[in-house]
Amino acid sequence: MVACLGGFPARRRDGGPGVRTLGQGLRAKDEPVKGFEAAAALLGKVERSGLGSGMGRVRKPRQDLPVVRKASSARTGDGDPKGVLFVADVSIGPIRRAHLFERLCAAAVVLLMAGTAVGPGAAGSGAGQPPSVLLETATALTAFTPSLASNSSGIVLASWFEQDFEGGSFTSHVYFRMGSTAAGWGAAFTLDGAVAPDLQPPTVALSDSGDGLVIFRAGTYSGGFRPYAVGASVSSWGGVQVIDGGNGEKVSNAPVVAMDANGNGLALWQSDNGTHYSVLSNYFSAGAGWGSPVRLESTPTQNASSPVVGMDAAGNGIAAWSQYDGVRWNIWAARFTPLSGWGAPVLMETDDLASSYGQALAVDPSGDAVLAWAYYGAPNASVFSRRYSAFAGWIPATLLAGGGGEAAYAPAVATYGAGRAAAAYTTDSNGTQEVRARLFDGGWSNASVVAAAPSGRYFGSPRLAAEPSGNLTLVWLDGDEVTYNQNDLWAASLTSSRGWSAPYRVEEATGDVNSAVVVPLTGGRAFAAWSQGYGPAYASHAWVRELSAPDETAPSLTVTEPSEGAKVASPTVNVAGFTEPGAE
């Protein structure tokens, strides 16, 4: 939280009262202050030197206005530039305290909006966020496509694909690490053993009971790949198992997985029988292990691909996929119950003039779900959504964006609390691209523009994470629209007490970002993970970073000294108040 405490902004981590004076360990001195000119211009109270350099120096003040000076030794413990404290001195003379406090806080707000608290920092790297953590091992040559899962206890499971150079040859491995905001990240362990020469990126799920599943495909490029799984108890990881039942079919893309609150799970993958693609599923029982694979599409002669899956707390699941009818791709879905297994597939849309794909799915603990997809019809692509109610079944589809004078595509969805949901997507209107979001709570809200792409840049691959309280974190890629590379990863946060934050850049290294994911924590925080190529050999590396909503709201504070209407001879103002719950 950035607060005007004792006449200067200070970050508080405990959410408690804040009172500070100049005499409490801070020695004020005149020295250059970045962003100072903006505050000084607002207050109209100092002469400035170094014009045009972005720097200012306190000189002789007018006798009726406060002076803003930088305090030495006043950074917060995390070294964050927005934690620099600014002391406010009051010149001798009668000043109404309400007027004084208004001016002091105005100076703080201008300093924050000048770039020290919101938006990219000096290096455009998300000032105020904890530093990024390299997930991969010390022997990694390259690391790709990290996957994340979190639970209600704040535990996070990360897994990624890594290529190492061991014993004079290249080897492929799938690794995992467990982490939390309280304990940090544990050591990296390999999951795969020696199941196959070639392995592909994993996906993960984590239950509220602390059990986890990591799903990946392994094999050879010449002989094909099979789906493998590693399960976990609360205290240890199990062995690697192949989960296709020995059906002889190959896996043609990365499997997906979901878990319920009790450690049961569903794995889905796209299977290739040599003639058609199919969507297969296998159920994991926390007590009995894996079952036998089941084919989900009802027309096995049609290609089915790109499954997504989610589960509620009671173990019910929903899956969706794209299916080709010989003319176009359509969106299908099916529901799973522990007692009856998979039900009959249901066609989600009937827009027969063009194909639909790019589906995204989220299921909440009560069994409600939200599904979104892109429809690539004329004159422009559009994004549709369809909701599932645990009591009423599938609700008719809703157009979220696009289809007219602008295109909309790449949807992402999340659920938060019973029956509430969020959707994000990118739009393109005459070459101007935006990331937008809409919220559902009994009906869809109007769209909020979360970010607008600068000229020459494009947006893509938005991902959403949602807490039950309604706090959201949205990440997306921002790339060069000419070369379509050199992607940066950006984020914005929405909390229940305010709207969307200013966008901020997530990654700190220079290089091309891809495969970004994000999962929720609590209090407006989230973990984002991504792979990024850089360095002389343009090797890829796997990173993770904790994100939190940028602090953009002033607290409610009261001037305790001097009293109303008093004349003062001391350059000290005491302010008391409380930061917001969960404030940084």
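Whatever comes next refers back to the structure up there.
How each quantity is defined
Residues numbered from 1 in each chain as written. Predicted model: local features only at pLDDT ≥ 70, side-chain atom pairs only at ≥ 80, totals over all residues. Heavy atoms only, no water. Salt bridge = Lys/Arg side-chain N within 4 Å of Asp/Glu carboxyl O. Buried < 20%, exposed > 50% of the residue type's maximum accessible area, 1.4 Å probe, protein only. Helix = DSSP H or I, 4+ residues; strand = E, 2+ residues; numbered from the N terminus. Phe/Tyr/Trp six-rings, centres within 6.5 Å; stacked < 30°, edge-to-face > 60°. Lys NZ or Arg CZ within 6 Å of the ring centre and 35° of its normal. Pairing = 2+ DSSP bridges. Axes fitted to C-alpha atoms, helices over the stretch in contact; angles between N-to-C directions. Contact = heavy atoms within 4.5 Å. Core = buried A, V, L, I, M, F, W, Y, C linked by side-chain atoms within 4.5 Å.

A.B. asks: Which residues make up the pattern of salt bridges, and what values go with them?
C.D. replies: Tallied over the full model, the rule gives nine salt bridges. Its salt-bridge partner being Arg505, residue Glu507 comes within 3.0 Å of it at the nearest N-O pair. There is no split in this pair, since Glu507 and Arg505 are both buried. The partner of Arg525 in a salt bridge is Glu546, with the nearest N and O atoms 3.4 Å apart. Taken together, the residues span a long stretch of sequence, with Arg525 in strand S42 (residues 525–534) and Glu546 in strand S43 (residues 539–548) at a distance of 21 residues. Side by side, Arg525 and Glu546 carry an identical accessibility label, which is buried.

A.B. asks: Go over unusual backbone geometry with me, naming the residues and quoting the values.
C.D. replies: In this structure, the amide linkage connecting Ala378 to the following residue, Pro379, adopts the cis form with an omega of -5 degrees. The peptide bond linking Glu561 to Pro562 adopts the cis configuration, its omega dihedral lying at -5 degrees. With respect to the secondary-structure elements, Pro562 resides in the loop between strand S44 (556–561) and strand S45 (567–568). For Ser306, which is not glycine, the phi dihedral falls at a positive 55 degrees. Relative to the elements of secondary structure, Ser306 occurs in strand S23 (residues 304–311).

A.B. asks: With reference to specific residues and values, describe the packing of aromatic side chains.
C.D. replies: Across all of its chains, the model carries 15 aromatic pairs by this definition. Consider the rings of Phe144 and Phe161, whose centres lie 6.0 Å apart with planes at 25 degrees: the pair is stacked. With Phe144 in strand S7 (residues 140–150) and Phe161 in strand S8 (residues 155–166), the pair connects residues that are 17 residues apart, well separated along the chain. Residue class for Phe161 comes out buried when judged on its relative accessible area of 7%. One aromatic cluster is present, formed by Tyr283, Phe336 and Trp342 through successive ring pairs. Stacked on the ring of Phe225, the Lys or Arg Arg217 has its end atom at 4.8 Å from the ring centre.

A.B. asks: Residue-level account of the sheet that holds strand S34 (residues 421–429), with values.
C.D. replies: If you trace the four strands from one edge of the open sheet to the other, you get S33-S34-S35-S36, paired in antiparallel fashion. Each edge of the sheet is formed by a strand with only one pairing partner; in this case those strands are strand S33 (407–415) and strand S36 (448–452). Going across the sheet, the axis of each strand differs from the next one's by a mean of 20 degrees, ignoring polarity. Across nine bridges, the pairing between S34 and strand S35 (residues 432–440) is antiparallel. For Ala424, the partnering residue across the bridge sits in S35 and is Ala437.

A.B. asks: Describe in detail the side chain of Ser305, supporting the description with residues and values.
C.D. replies: Summarising the element assignment, Ser305 is placed in strand S23. Ser305 sits in the buried class, given a relative accessible area of 10%. Setting aside chain neighbours within four positions, we find Ser305 in contact with Gln270, Val279, Trp321, Ser322, Trp329 and Gln359.

A.B. asks: Hey, could you go over the environment of Val518 for me, with residue numbers and the actual values?
C.D. replies: Among the structural elements, Val518 can be located in strand S41 (residues 512–520). Not counting the four nearest positions on each side in its chain, Val518 is found in contact with Arg463, Leu464, Ala465, Thr473, Val475, Ala526, Phe527 and Ala528.

A.B. asks: Go over the environment of Asn487 with me, naming the residues and quoting the values.
C.D. replies: Relative to the elements of secondary structure, Asn487 occurs in the loop between strand S38 (472–480) and strand S39 (488–494). A residue is classified by how much of its surface remains accessible, and Asn487, at 8% relative accessible area, is buried. Residues Asn487 and Thr510, spaced 23 residues apart in sequence, show a C-alpha to C-alpha distance of 9.6 Å. Not counting chain neighbours up to four residues away, the residues in contact with Asn487 comprise Tyr458, Leu477, Asp478, Gly479, Glu507, Gly511, Asp512 and Val513.

A.B. asks: Which residues make up the nonpolar core, and what are the values?
C.D. replies: Grouped together as the largest cluster of nonpolar side chains are 19 residues, with contacts concentrated most on Val450, Leu464, Leu472, Leu474, Trp476 and Trp500. Of all the elements in the fold, those that place two or more residues in this core are S34, S35, S36, strand S37 (457–466), S38 and S39. Contact partners of Trp500, with chain neighbours within four places excluded, come to Ala437, Ser448, Val450, Leu464, Leu472, Leu474, Ala492, Ser493 and Leu494. In terms of nonpolar packing, the next biggest core, distinct from the first, is built from 16 residues, Val363, Ala369, Tyr375 and Tyr388 among them.

A.B. asks: Which residues make up the pairing of S23, and what values do they have?
C.D. replies: Across the eight residues that make up S23, a large majority, seven, are buried. Bridge count for S23 against strand S24 (residues 317–324) is six bridges, and the pairing is antiparallel. For Gly310, the partnering residue across the bridge sits in S24 and is Ile318. The hairpin turn running from S23 into S24, its antiparallel successor, is five residues long, and Gly315 in that turn takes a positive phi close to 100 degrees.

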